[in-house]
Amino acid sequence: MKFLIVFVALFALVLAAPPRSTAGEAQILAQNSDVGPESYNYNFETSDGQKADAAGQLKNIGTEQEALAVHGSYSFVGDDGVTYTVTYVADENGFQPQGAHLPVAPVA
């Protein structure tokens, strides 16, 4: 449980980090967040095409099965000029990303 919370927090920090660009710094166009003891949500958009949003909810509060369930997405413009979007769920089953550019495991 603690690993998942730390992972999600670090993931959010990486997404919120300023982009490395030689053309100048991106400007924040929109940013919202609401953090509570049992849930949170945030979103942001920058002038260089980055976008992210996520919502997390603590499940099974006070039990041994207590877990954080997060769903969200992020987008960025690649070096090739294409906008890539990843949607994901992160919960007791791990980080589960989906995106048109991501490989998919073959059906067994």
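Residues numbered from 1 in each chain as written. Predicted model: local features only at pLDDT ≥ 70, side-chain atom pairs only at ≥ 80, totals over all residues. Heavy atoms only, no water.

A. Quick peek at unusual backbone geometry. In this structure, Asn 60 takes a positive phi of about 55° despite not being glycine. By secondary structure assignment, the location of Asn 60 is in the loop between β3 (51–59) and β4 (67–77). (Helix = DSSP H or I, 4+ residues; strand = E, 2+ residues; numbered from the N terminus.)

B. Structural detail: the side chain of Ser 75. If you trace the backbone, Ser 75 turns up in strand β4. Residue classification places Ser 75 among the buried positions, given a relative accessible area of 14%. Only 2.8 Å separates the side chain of Ser 75 from the side chain of Thr 85, close enough to count as a polar contact. Look past the residues within four positions of Ser 75 in its chain and what remains in contact with it is Gly 49, Gln 50, Lys 51, Thr 83, Tyr 84 and Thr 85. (Buried < 20%, exposed > 50% of the residue type's maximum accessible area, 1.4 Å probe, protein only. Polar contact = N/O pair within 3.5 Å; in protein donor to acceptor, adjacent residues only side chain to side chain. Contact = heavy atoms within 4.5 Å.)

Purely geometric stuff here, so don't read any function into it on its own.
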